[in-house]
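Fold and geometry: a report
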Amino acid sequence: MAGSSFRLPSGGAIDRSSSLSFEFDGKSYRGFQGDTLASALMANGVRLFGRSFKYHRPRGIIALGSAEPNALVEMRGDARREPNIQATMVELYDGLVARSQNRFPSLRWDVMAVNQLASPFLQAGFYYKTFMWPASFWEPVYEKLIRRAAGLGRAAEAPDPDHYEHTHAHPDVLVIGAGATGLSAATKAAETGARVMVLDEHAALGGWLNHEDGEIDGAPYKAWLDRQVSTLETKENVEVLKRTSALGLYDDNMVLALERVSDHLPEPLAGCARQRLWIIRPQKIIVAAGAIERPLTFVNNDKPGVMLASAAQGLARCYGVAPGKRIIIATNNDGGHRTALTLQQAGIDVAAVADARETLSLCAEESQSAGIAVHTATMPQKALGGVEVSGVRLRGLTSEKTLDLDCDVIAMAGGLNPNIQLLSQGGKRPLWQEDIQAFTAEPSDDAISTVGACRGIYNLAACVEDGRLAGEAAARDLGLSSTAAPSVRIEPSAIDIAPVLEAPKPPGTRGKAFVDFQNDVTAGDIRLAVQEGYESVEHLKRYTTLGMATDQGKLANVNGLAVLADARNEALPDVGVTRFRPPYTPTSIGAFAGHHRGKTYQPIRRTAMHSAHEECGATFVEAGQWLRPRYYARPGEDMLTAIKREATAVRASLGVCDVSTLGKIDVFGPDAAEFLNRIYINNWLKLPVGKARYGVMLREDGHLFDDGTTSRLSDDHFFVTCTTANAGRVLAHMEHASQVLFPELDVVFCSATEQWCGVALAGPNSRAALSKLVDGADVSNDALPFMGVTETTIEGVPARLFRISFSGELAYEINVPWGAGNMLWRRIMEVGAEFDITPYGTEALSVLRIEKGHIAGSEIDGRTTAADAGLGRMMAKKAFIGKAMANRPGLTAASRPALVGVKPISTHDRLRGGAHFVAAPKAREQESLGWVSSTADSPAMKGWIGLGFLKGGTARIGERLFATYPLKDEMVEIEICSPIFVDPEGERVRG
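Now for a look at the structure at hand. (Residues numbered from 1 in each chain as written. Predicted model: local features only at pLDDT ≥ 70, side-chain atom pairs only at ≥ 80, totals over all residues. Heavy atoms only, no water.)

**Thoughts on the nonpolar core**
Generally speaking, a soluble globular protein has its nonpolar side chains buried in company with each other. Ranked by size, the top nonpolar core spans 80 residues in total, and within it L37, I61 and L96 carry the most contacts. Among the elements that line this core, the one with the most residues is helix α6 (residues 309-319), at seven residues. Beyond its immediate sequence surroundings of up to four residues, L37 is in contact with F22, V73, M75, A87, V90, L92, L96 and A98. Formed by 43 residues, the second largest nonpolar core is a distinct cluster that contains A246, I420, V530 and Y543. (Core = buried A, V, L, I, M, F, W, Y, C linked by side-chain atoms within 4.5 Å. Buried < 20%, exposed > 50% of the residue type's maximum accessible area, 1.4 Å probe, protein only. Helix = DSSP H or I, 4+ residues; strand = E, 2+ residues; numbered from the N terminus. Contact = heavy atoms within 4.5 Å.)

Shown next as structure tokens:
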């Protein structure tokens, strides 16, 4: 059959004048504009689309839309290769390339199909039972087998070249689904002036209106549809998003939706996103998601050629494709007969309808009158054929007679499941409706309305009216409509449907009856799970994988619950139902990540002096989100040479460093001092105005959290600085303390990191340079002593001066408003020229602070305490965050590693951060006595030095140990020394 044409001579919403070439599994085919990959392949006689996950059984399409579980293909190639794409949702374009997956060496000849022979051992829970013994097999055997078998497709091996966007919307009314019901609701709401957004996952709006002929409001479906769409698309207060799937419904009416912006193109246009993730927060939501047809459960119901009746009808009506040459329809409701009549009108041979109901309905009588054989009280027992369907065995439900008929398609119409997945995600409980044999969601609330087939209304005219009423009610609730509330509400009406969901399987009948096609879950698996004690619906789902993966119960749920109810001998609604989970359809990781990847993973933040640094030849380094100067190499210099030169210049004369990235927080209020007193370990109540103090914060568990200086600018205004990497966390810590721990304190704070930029002016000549910089301010030692703070102006610009040093030299930090950053830097370079001023970056800054024994992020790594870092004496007797936990025996034990300095015995040896202290060099495996946290090649000490944490701490100063670095097989003999290598008395900083 493959290779023959199944394209109908007329019909469908395709453009037959626009022929497209595409490729599937290396073979070329042709289709038309408007086709999907699935419809184009079906038109070319291709029935085999993939292999099932567990048994590698041949599979064709079951459904036409996003409910399709089988036809998962690998799209595109190279860096754009993407697995597990539903062929039924892929719009055809010229040059499309797709491949089947989960098979080897080919789709038709898959060697893994041998799994079918092992099916008795691969039933429900086989993985729980199989990989338990012997335990020694787990890593060398079982793990490798599981990893090789896991997954269905191949992810791309190169970085994705496409762009993904995130965007937000806040409409008054969000309508999910653009069928007749959704369009009616949107039009009515839009007439009131409400801002309306409409989502539909397809490229063409209209839903089921595209599958049938008929009239609405006296107009043919197409004319009515065109009028509705035109009205909405011309309204400024309406946004219609095609190719957009609502993925999830979350708290507070938040809806996540994915717009496939460019997936219908070979590649995105320049400057255009491939996909766009919408975060939508509407005031009112109208869910008009329609209903999904239900399959029937019988033996071999997964063969290519077995599909939903709605899929067969959609192929003919939407794409002009005959689903087969000879069709048998199996139904338990009138939907199967309507499909039979539609297919027959399209010129397709419908051989018979097997109707599970015992009496003929009016619709069934129409089928008979049209010459279609109708077999009542009959269901398919088994699909016949090899790889594809070649016939069906029908079985009477009362007479038990069987009848074999030739056909190449079995179309299943098992009733409709209202599409309540989103509502279930949003917390709406599914309720069983006996008269329609399906679950609907709990009644609508003030924020969310469910309309049309989504709540069990299957009459088209009633659906349209239900949508209008919902749109009008939403506008009225928003105060946008004065129309009185209607006195009547359309209620779901009973339909003529038989509750038969699983065909009888007489003893001796070979083959599997599938309930979940995607996960290869059979009716037998469900009964086995119940037999083994997994009879709870939640246990059943996890033991058998029923309704997992992308299906999430769209096709499998009700049929699986029916088998469970039969096995438990209970009514179907009594066994319960699992909650559906987002996303509603398979979604690429790229869409969730958006533009947050690579260099754009976080915003790049540049200081106010960035351009001035570039002029000075800076090489930048990423420090969190910031770009900071790492070093300033002169012509012919390598990095280490530049770093040593910069550090030496600070010690000898004058250096300048950009410290704008330090976190800055303004703290205001009459209780500001008391607030700081509770979050820092040291005292703040008596800090004078115009003075700064070094402070340390602990986490609630007693470990070091952050450190920095805080200046008192007035009685009720403090200016806090913290480390660059911790700025956001410190602010959040303060917010938590204020709102949760100390709500009685009158204090407020806000980030000032990007309001003030700053430089550190350091070195013996820093005071002389500063005096030339400021506008007449007295910066003498008496007027501005160590840890003093004052305010002045520079070139008429407000400035704050802090006599603070991180280098151990006479130093000042100067803050000016952010916009004056470049002016400040260039002015400093001018006044410092006579002192041979040298810009220095983060590497030289690190060298200077290690020489002085100042701790930084490498020491405050989440494992150390204040006492470990030599700051234990700062801990006041007052109460503060972390005090109680810091006094735990484990954090106060004398055996804890404490901060020490370290230097190699040989000045030629290098130290590495992360090296461990050990007592002897001879044994590779020995107790670690601590670790090296920071290292530097110090020009002041003429060799490598470091800081680290050592058991016994300062009591071991003078002792010789070894620093081992196994990654490079290095062992260095070292001497333990004071962590303060330069100016231990602190004379320079106070000079």
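Having seen the model, we can carry on.
**As for helix α11 (residues 523-531)**
Turning to α11, its buried residues number three or more, namely A523, D525, I526, L528, A529 and V530. Phi turns positive, to about 100°, at G533, one or two residues after α11.

**A look at the pattern of salt bridges**
Applying the stated rule across the entire model yields 61 salt bridges. R699 is the partner of D701 in a salt bridge, and the nearest nitrogen-oxygen pair spans 2.6 Å. For D701, a relative accessible area of 24% puts it in the partly exposed group. R699 gets classed as partly exposed once you look at its relative accessible area, which sits at 28%. (Salt bridge = Lys/Arg side-chain N within 4 Å of Asp/Glu carboxyl O.)

**Here we look at the environment of P670**
Structurally, the position occupied by P670 is in the loop between β37 (663-668) and α17 (672-679). Separated by 46 residues in the primary sequence, P670 and D716 place their C-alpha atoms 5.3 Å from one another. Other than its neighbours up to four places away in sequence, P670 contacts D716 and D746.

**Let's talk about the packing of helix α19 (residues 766-773) against helix α20 (residues 821-831)**
Two elements in contact, α19 and α20, have axes separated by 9 Å at closest approach and are oriented at 120°. One finds that α19 runs oblique with respect to α20. Handedness of the crossing formed by α19 with α20: right-handed. Taken together, the residues of α20 that come into contact with α19 (itself represented by A769, K772 and L773) are L824, R827, I828 and V831. (Axes fitted to C-alpha atoms, helices over the stretch in contact; angles between N-to-C directions. Parallel < 35°, antiparallel > 145°, perpendicular 65-115°, else oblique. Left-handed = near helix turned anticlockwise from the far one by under 90°.)

**Some words on the environment of G655**
Mapped onto the elements, G655 comes out in strand β36 (residues 655-658). The exposure class of G655 is buried, given its relative accessible area of 0%. A C-alpha to C-alpha distance of 9.5 Å links G655 and P764, two positions 109 residues apart in sequence.

**What to know about the side chain of T181**
Mapping T181 onto the fold places it in helix α4 (residues 180-191). Judged by relative accessible area, which is 10%, T181 ranks as buried. In this structure T181 touches A288, V451, G452, C463 and G467, once residues within four positions along its chain are discounted.

**Some remarks on the sheet that holds strand β24 (residues 391-396)**
With antiparallel pairing, the three strands of this open sheet are ordered in space as β23-β24-β25. Both edges of this open sheet fall to β23 (378-384) and β25 (402-406), since each of them pairs with a single strand only. Strand-to-strand twist of the sheet, defined as the mean angle between neighbouring strand axes without regard to direction, takes the value 25°. In terms of strand pairing, β23 meets β24 through six bridges, oriented antiparallel. In the sheet register, P380 faces β24, and the bridge partner there is L394. (Pairing = 2+ DSSP bridges.)

**Comments concerning the environment of A288**
The residue A288 is located in the loop between β17 (284-287) and β18 (291-293) in this model. Counting along the chain gives 472 residues from A288 to A760, while the straight-line C-alpha distance between them is 62 Å. Setting aside residues no more than four positions away along its own chain, A288 makes contact with I176, G177, T181, G182 and V451.

**Section: the sheet that holds strand β21 (residues 349-355)**
A sheet is described by the order of its strands in space; here five strands give the open sequence β19-β26-β20-β21-β22, paired in parallel fashion. For this open sheet the edge positions go to β19 (306-308) and β22 (373-376), each flanked by a neighbour on one side alone. Pairs of neighbouring strands in the sheet enclose a mean axial angle of 25°, with direction left out of account. Contacts from α6 reach β19 and β26 (409-413) within the one sheet, and its direction differs from that of β19 by about 85°. The strands touched by helix α7 (residues 334-345) are β20 (326-331), β21, β22 and β26; relative to β20, the strand with the most contacts, the crossing angle is about 160°.

**Looking at the pairing of strand β29 (residues 438-441)**
Every second residue of β29 is oriented toward a common face, with A438 and T440 on one face and F439 and A441 on the other, all of them buried. Note that strand β28 (residues 430-433) and β29 share four bridges and pair antiparallel. Paired with W432 across the bridge in β29 is F439. What sits between β28 and β29 in their antiparallel hairpin is a turn of four residues, with Q437 showing a positive phi close to 55°.

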